[in-house]
Amino acid sequence: MVSSIVVLNGPSLNLLGSREPEVYGSTTLQEIEVMCRERAAGHGLQLNFFRQTNHEGFLIDWIHEARSIGAAVVINPGSWATTSVAIADALKLSEQPVIEVHISNIHSREPFRHASHVSRVAKGVIAGLGFRSYLYAIDAVADIHAITRAP
Ligand code: DHK
């Protein structure tokens, strides 16, 4: 049963707010973190916002850490979605739901963004809804949690 969520972010998402705002919006990662905390608290779930890394190995370590504490994973892998079998392999080991998040709609963008390794192992994928993609991912984990708790 899920009682905590780890939120993970891949490369260049530290620049949210100033990075291509016409694509990614003007909300910063820090602002997203605050909203995620509120959302998770509203569902009675603990949130570990591990934040962001530009180093693939760190992200893999964090995925393993999430597994060891039995947390669900909300992950925006950024461009590693399309390049990293290693991240997908690490996520596959999770015994809790993994929700892949993208701020932009990767399917309406360049073709190289369409095929995600992470999508193959994720329980669900939320893309194109701006910063709200993260919040809906937390709602999804909470719903799954409620279903698994139901008698
Ligand atoms: C973020 C990125 O950094 C891109 O590499 C992805 C994703 C899309 C997003 O929309 O959040 O292709």
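Scroll up to find the structure.
All of these numbers come straight from a predicted model, not from anything done at the bench.

Caption draft 1: View of the site of the ligand. The full set of residues close to the ligand is Arg-19, Tyr-24, Asn-76, Gly-78, Ser-79, His-102, Ile-103, Ser-104, Ile-106, Arg-109 and Arg-113. Contact distances for the ligand include 2.9 Å between an oxygen atom and a side-chain N or O atom of Arg-19. Ser-104 places a side-chain nitrogen or oxygen 2.6 Å from an oxygen atom of the ligand. About the coverage of the ligand: the protein hides 97% of its 320 Å² of free accessible area.

Caption draft 2: Fine view of the nonpolar core. In terms of nonpolar packing, the biggest core is built from 26 residues, with Ile-5, Cys-36, Leu-47, Val-74, Tyr-134 and Val-141 touching the most fellow members. Put simply, the parts of the chain that give this core at least two residues each are strand E1 (4-9), helix H2 (29-42), strand E2 (46-52), strand E3 (72-76), strand E4 (98-102) and helix H6 (132-149). With seven residues, the top contributor of residues to this core is H6. Beyond its immediate chain neighbours, meaning those up to four positions away, Tyr-134 contacts Val-7, Asn-9, Leu-13, Leu-29, Ile-32, Cys-36, Val-74, Asn-76, Val-101 and Ile-103. One finds Leu-8, Phe-50, Ile-63 and Val-73 within the second-largest nonpolar core, a separate group that totals 20 residues.

Caption draft 3: Broad picture of the packing of helix H3 (residues 56-68) against helix H5 (residues 85-92). Axis separation between H3 and H5 bottoms out at 9 Å; the angle between their running directions is 5 degrees. Our classification of the angle between H3 and H5 gives roughly parallel. Judged by residue contacts, Glu-56, Leu-59, Ile-60, Ile-63 and His-64 of H3 engage Ala-86, Ile-87, Ala-90 and Leu-91 from H5. Of the residues belonging to the contact of H3 with H5, the class tally is seven nonpolar, one polar and one charged.

What counts and what doesn't
Residues numbered from 1 in each chain as written. Predicted model: local features only at pLDDT ≥ 70, side-chain atom pairs only at ≥ 80, totals over all residues. Heavy atoms only, no water. Near = heavy atom within 4 Å. Polar contact = N/O pair within 3.5 Å; in protein donor to acceptor, adjacent residues only side chain to side chain. Areas by Shrake-Rupley, 256 points an atom, 1.4 Å probe, with all protein chains shown as cover. Core = buried A, V, L, I, M, F, W, Y, C linked by side-chain atoms within 4.5 Å. Buried < 20%, exposed > 50% of the residue type's maximum accessible area, 1.4 Å probe, protein only. Helix = DSSP H or I, 4+ residues; strand = E, 2+ residues; numbered from the N terminus. Contact = heavy atoms within 4.5 Å. Axes fitted to C-alpha atoms, helices over the stretch in contact; angles between N-to-C directions. Parallel < 35°, antiparallel > 145°, perpendicular 65-115°, else oblique. Nonpolar A, V, L, I, M, F, W, Y, C, P; charged D, E, K, R; others polar.

By themselves, these observations are geometric and do not establish any function.
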